[in-house]
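A closer look at the structure
Below are the chains, spelled out letter by letter.
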Amino acid sequence: MCGIIGYTGFEQASPILLEGLSRLEYRGYDSAGLAVQLPARTAEPHPLQVVKTCGRLQALIDKTHRGADLLGSCGIGHTRWATHGIPSVENAHPHVSEDGSIAVVHNGIIENHFELRRELMSEGVPFKSQTDTEVVAHLLAKACREAPGADKTAIIGSALARLRGSYALGILFADEPNTLYAIRRDSPLIVGCVRREGQTISTILASDIPALLPLTKQVYYPEDDHIIKLTLQGISFYSYNPITRTVADITESYGAPVTLELSETAARLGKYRHFMRKEIDEAPKAVKDTVQSGLNDPSNMIFSDESLLSSLQSIRMIACGSAYHACLVGKAALETLCRIPVEVEIASEFRYREPVIPDPRHTLGVLVSQSGETADTIAALRLCKSLGMPTLGIVNMQGSTLAGEADHVFYTQAGPEIAVATTKAYCAQVAALYLLALRLGQAQNRLAEKEQAELLEQLSALPEKMERILETEPDLRRLARKLASTHHLFFIGRGMDHALAMEGSLKLKEVSYIHAEAYAAGELKHGTISLIEEGTPVITLATQPQLLHKTLSNMAEVKARGAYVICFSNAENALREGVLPLSDVADHVVSLPITHPCFSPLAAAVALQLLAYHVSVARSLDPDKPRNLAKSVTVE
Ligand code: F6R
């Protein structure tokens, strides 16, 4: 949700800011803007140049002639996902103080902005936008008026002590050349230094790693409420004490920057037209690397904390969206392989429903999140901890809030995911949960050594099977063209295939805007089957051999009512031998590779992702930036 960027250095800032924003556009694409300090010509304070446009970032790139129009080497930028106020130029960031001397970019929500706005308006401050962010610019200006000449860290500390909510802010003052300030609370923010020959030559801030990668891999993850000052010389960190109103320099406590282990190309399109397609190709590697890291890294809690694992009585998994669907697959695997009770919850529900956890000390809270910044999942984590549950974060983004706060972390190895719809990161999440199941099965003596070894072998072979699915792309593209003109369709499946149906349906909806519903295959006839008419597509997932005959009956039921039945199945052999009348009830069969039933959904997911991608392309949509969406939902 919203991307922020800031740069101070010796090069022209705006092309760098625009490049950074293009790498953050997946966080929001309603409107965009830049504020840049004009280069010093006189002893007068530097005025700020602000340019804002509505719509995709390209409009800002065009308006500024790729940034060439804005001179100056210090500035901030923003790409917006609207929360308060419609997408418009007025509501686009940066927001500036009345005299234009302070500019602010923001990601998050200022919860008490109404009160603050009322108070400032009663003092005569004019507001230009409907956003919550504008109050920050005016509060800073007020603090400057009340303490002329005060250090900016103290100004920021005193003004922002009044904010409630979540924020990552980039702040630019006209009278402080080549200097940026930033601060975060419950919203992601990373800062980095570009060094040459041992000297810092520029410093940058961004809400996500991909924006920093072209410039540096040396980064810091600032903690909540620390004030960050970025200059040409380096980065300093300060804490503000609202009681004594004093500022302390805490730069030393941050030590050396962290070196990112990511290649610059990880966030580039390369030969691909869309990130979504590129990331589907990367799914097998994401699974392979995740499994390898689980097996090889002894510091992983999943592998090291024998006493915790062996004493667990139950598991509560909590997540949002696709990560929630990954948990549903994980639940089925954990219950099948370990016979341990697992509940899966939607984070935004869990956090407000006063959950009853009978034995919290022996219930592992598993929070699953690609970004590690999803507001509801973080709140759910905090609730689990307050209830006394041990917690495990399964997270893709290094240094994210969830990773920092969970008792134990297991990093999925999907690398940066840029397309808004998750593909490879979902696969890596499912793989991580399989690993958890295998490890727990061993720790609780539920899996015999031989069985464990066989399962591990099958899991390790899974990436290669996922690769094979990628080879079925021409068939899936043809199928996608057929589905592109439909108005609504169904995904059905039983057991794990129901969890998979939910993910397949979500993926298709978000990138194609076709209405889809996921149903437990046996449940359709309890009402919803009334929606099936001649030609209604029903995508059936049939990867569970023990449920195949039941699913076939459900396919027959919809077929008899005119449905166009598409079946994703690994029952290929049975079909060839004529044991199953699959072709009698399916109009189109997509063959999946055979693997252990627990692992089949992961292979099938790749096929469903490819299908969704091609339906989106067939409808001439942009699968990377679906309407109304943004990656990393940092507001609740
Ligand atoms: C769907 C999608 C979302 C995310 C959800 C959770 O394609 O990407 O449903 O899965 O917003 O995000 P994370 O995993 O970052 O917590």
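Now for a quick tour of the structure. (Residues numbered from 1 in each chain as written. Predicted model: local features only at pLDDT ≥ 70, side-chain atom pairs only at ≥ 80, totals over all residues. Heavy atoms only, no water.)

Looking now at the sheet that holds strand E1 (residues 3-8). Taking strand neighbours across the sheet as the criterion, the eight strands line up as E3-E2-E4-E1-E10-E9-E11-E15 in an open arrangement whose pairing is antiparallel. The open sheet is flanked by strand E3 (48-54) and strand E15 (258-259), the only strands paired with a single partner. Note: strand E11 (residues 218-220) against E15, two bridges, orientation antiparallel. Bridge pairing in E15 places valine 219 opposite valine 258. (Pairing = 2+ DSSP bridges. Helix = DSSP H or I, 4+ residues; strand = E, 2+ residues; numbered from the N terminus.)

Take threonine 540: it is sitting in strand E23 (residues 537-542). With relative accessibility at 0%, the residue threonine 540 sits in the buried group. Among all residues touching threonine 540, those that are not within four sequence positions of it are Ile492, Thr551, Met555, Val565, Ile566, Cys567 and Phe568. (Buried < 20%, exposed > 50% of the residue type's maximum accessible area, 1.4 Å probe, protein only. Contact = heavy atoms within 4.5 Å.)

In the structure shown here, the tally under the stated rule is five aromatic pairs. Geometrically, the ring pair formed by tyrosine 220 and tyrosine 254 is edge-to-face, given 6.2 Å between the ring centres and 80° between the ring planes. You can see tyrosine 220 sitting in strand E11 and its partner tyrosine 254 sitting in helix H7 (residues 251-254), a full 34 residues away along the chain. Take tyrosine 220 and tyrosine 254: they sit in the same class, and that class is buried. Look at phenylalanine 237 and tyrosine 254: their rings are 3.7 Å apart centre to centre, the planes differ by 10°, and that puts the pair in the stacked class. Of the two residues, phenylalanine 237 is situated in strand E13 (residues 235-241) and tyrosine 254 in helix H7; the sequence distance between them amounts to 17 residues. Residue classification places phenylalanine 237 among the buried positions, given a relative accessible area of 0%. Here lysine 152 stacks its cationic end above the ring of phenylalanine 173, 5.0 Å away from the centre of that ring. The ring centre of tyrosine 513 lies 3.9 Å from the NZ or CZ of arginine 627, which sits over that ring. (Phe/Tyr/Trp six-rings, centres within 6.5 Å; stacked < 30°, edge-to-face > 60°. Lys NZ or Arg CZ within 6 Å of the ring centre and 35° of its normal.)

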